[in-house]
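Spelled out from the first residue to the last, the chains are:
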Amino acid sequence: ILFGISAALTKAVVDQLGDGLFSVFTDWHLYGLIVVGWISMTLSQQSLQTGRLAPAMATQMSFDPIASVLLGTLVFHEKIADTPLELAFAVVGIIAMVAGLVILARSQASHLSAGAPATTG
């Protein structure tokens, strides 16, 4: 989720460039991006160090675009799709990401309950 917030803050910082390079340094978005970016990378590395790579990677890869889409549509009023068909493809993509997350997390849990090592190669 923090990576999605970082994406939203990055968009805000880049939008500030239209007002001049130095205006970026007077706006709070840059400093928020630095803090959120540092926290998100720290938490990401800690999740990878647990040794349970499948749920850690699946969670990061799924929640990042979901959070980005939600922030983009709710905060920046971006449009996801123009036609019902495009919207249907977007919904199918989100469902596929969440389904993949569930499948990977369950497969990792079954591996651990069977006594297999936590990491996969």
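Residues numbered from 1 in each chain as written. Predicted model: local features only at pLDDT ≥ 70, side-chain atom pairs only at ≥ 80, totals over all residues. Heavy atoms only, no water.

This part is about the overall build of the protein. Along its length, the protein carries four helices and zero strands. For the protein, the proportion of its 121 residues judged to be buried stands at 24%. Relative to all contacts within the protein whose residues are 6 or more apart in sequence, the contacts with residues 24 or more apart total 64%. Surface summary for the protein: the accessible area is close to 8,000 Å², and the carbon and sulfur share equals 73%. (Helix = DSSP H or I, 4+ residues; strand = E, 2+ residues; numbered from the N terminus. Buried < 20%, exposed > 50% of the residue type's maximum accessible area, 1.4 Å probe, protein only. Contact = heavy atoms within 4.5 Å. Areas by Shrake-Rupley, 256 points an atom, 1.4 Å probe, with all protein chains shown as cover.)

Attention shifts here to the pattern of salt bridges. Opposite charge on two side chains allows them to pair when their charged atoms are near. Taken as a whole and assessed by the stated rule, the structure comprises two salt bridges. The partner of Asp-15 in a salt bridge is Lys-11, with the nearest N and O atoms 3.1 Å apart. Of the two residues, Asp-15 and Lys-11 are both situated in helix α1 (residues 2-16); the distance of four residues between them amounts to about one turn of the helix. Given a relative accessible area of 29%, Lys-11 falls into the partly exposed group. Salt-bridge contacts for Glu-78 lead to Lys-11; the nearest nitrogen and oxygen are separated by 3.7 Å. Of the two residues, Glu-78 sits in the loop between α3 (53-74) and α4 (84-113) while Lys-11 sits in helix α1, which places them 67 residues apart along the sequence. One salt-bridge network, held together by shared partners, links Lys-11, Asp-15 and Glu-78. (Salt bridge = Lys/Arg side-chain N within 4 Å of Asp/Glu carboxyl O.)

This part takes up the nonpolar core. Across soluble globular proteins, nonpolar side chains show a tendency to be buried alongside one another. If you look at the biggest cluster of nonpolar residues, it comprises six residues: Leu-9, Val-13, Val-24, Leu-30, Leu-33 and Val-36. Counting residues per element, the ones that place at least two in this core are α1 and α2 (28-48). At three residues, α2 tops the list of elements feeding residues into this core. Those residues in contact with Leu-9 that lie beyond four places of it in its chain are Trp-28, His-29, Gly-32, Leu-33 and Val-36. (Core = buried A, V, L, I, M, F, W, Y, C linked by side-chain atoms within 4.5 Å.)

Moving on: the packing of aromatic side chains. What characterises a pair of aromatic rings is the spacing of the ring centres plus the angle enclosed by the ring planes. This model, assessed by the stated rule, comprises zero aromatic pairs. Across the ring face of Phe-76, the terminal group of Lys-11 is positioned such that the distance to the ring centre comes to 5.1 Å. (Phe/Tyr/Trp six-rings, centres within 6.5 Å; stacked < 30°, edge-to-face > 60°. Lys NZ or Arg CZ within 6 Å of the ring centre and 35° of its normal.)

Reported here for the largest pocket is a volume of approximately 190 Å³. Lining the largest pocket, in full, are Ile-1, Leu-2, Phe-3, Ser-40, Leu-43, Ser-44, Thr-59, Gln-60, Phe-63 and Asp-64. Breaking the lining of the largest pocket down by element, the ones donating at least two residues are α1, α2 and α3. Per-element accounting of the lining of the largest pocket gives the leading share, four residues, to α3. (1 Å grid on protein atoms, 1.4 Å probe; cavity = no way out; pocket = protein on both sides within 12 Å on 5 of 7 lines; lining within 4 Å. Points joined across faces, edges and corners; volume = space filled by probe spheres on them.)

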